[in-house]
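# Analysis of the macromolecular model
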Amino acid sequence: MAANTNLRCWSCGDSLAPVPLPFGRRAECPNCEVFIHCCRQCDFYDSGVSKSCRETSAEEVFDKEQANFCDYFRPRAGLAASGDPQAAAARAKLANIFGESLHGGKPGAGEAAAPAAQSDGEAEAARRKLESLFGKTKT
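Rules and cut-offs
- Going along each chain's sequence as written, the residues are numbered from 1 onward.
- A pLDDT threshold of at least 70 governs which residues receive local features in this predicted model, and a stricter bar of 80 or more applies before side-chain atom pairs are shown or counted, although totals over entire chains, interfaces and linings include all residues.
- Excluded from the side-chain calculations are hydrogens and water; all other atoms, namely the structure's heavy atoms, are used.
- Strands here are runs of E lasting at least two residues and helices are runs of H or I lasting at least four, both read from the DSSP assignment and numbered beginning at the N terminus.
- Shrake-Rupley sampling with a 1.4 Å probe provides the accessible areas, and residues are treated as covered by the protein chains on show and by no other component.
- Each residue is placed in one exposure class: buried if its accessible area under a 1.4 Å probe, protein chains only, is under 20% of its type's maximum, exposed if it is over 50%, and partly exposed if it falls in between.

### Notes on the overall build of the protein chain
Helices and strands together make up the secondary structure of the protein chain, namely 3 helices and 0 strands. Roughly 9,100 Å² of accessible area belongs to the protein chain as shown, and the carbon and sulfur atoms make up 53% of that amount.

### Some words on the environment of Val-19
Take Val-19: it is sitting in the segment before helix H1 (85-98). Sequence spacing of Val-19 and Cys-29 is 10 residues, and the spatial spacing of their C-alpha atoms is 7.7 Å.

### Overview of unusual backbone geometry
Put simply, Leu-21 and Pro-22 share a cis peptide bond, and its omega is -5°. With respect to the helices, strands and loops of the structure, Pro-22 is situated in the segment before H1. Its identity as a non-glycine residue notwithstanding, Glu-33 has a phi of 65°, on the positive side. Its relative accessible area of 56% is what places Glu-33 among the exposed residues. Positive phi, normally seen in glycine, also occurs at Lys-51, with a value near 60°. Structurally, Lys-51 can be placed in the segment before H1.

What follows is the structure, encoded as structure tokens:
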């Protein structure tokens, strides 16, 4: 049995050290309970290539987050503590647009809060931010 001390969940970034290798088809992350024998956890997963898989002989799997029987599955090491690096970058861009932290909190130090966000609810502040981005005005 190989050591999996540096493997992290593709979804939550939590350590997969408690899960024995090789991962069984229905193995789940101990923290968030997503399947880890899936394309998103595989070393061959690459959303920038055809069928999101660099293994050309593998059969196509349509739901990349569900457990599968792929014989080419190889657990992907090196995921950041925040999970998939591409997903983390996308969340950071969204947080920057809406002026919130990655965890849905209020703006932190160095981030300016819109005056509307202070008096209105979070939903109203988000609506105003979207309107300002797309140039719509309230009628």
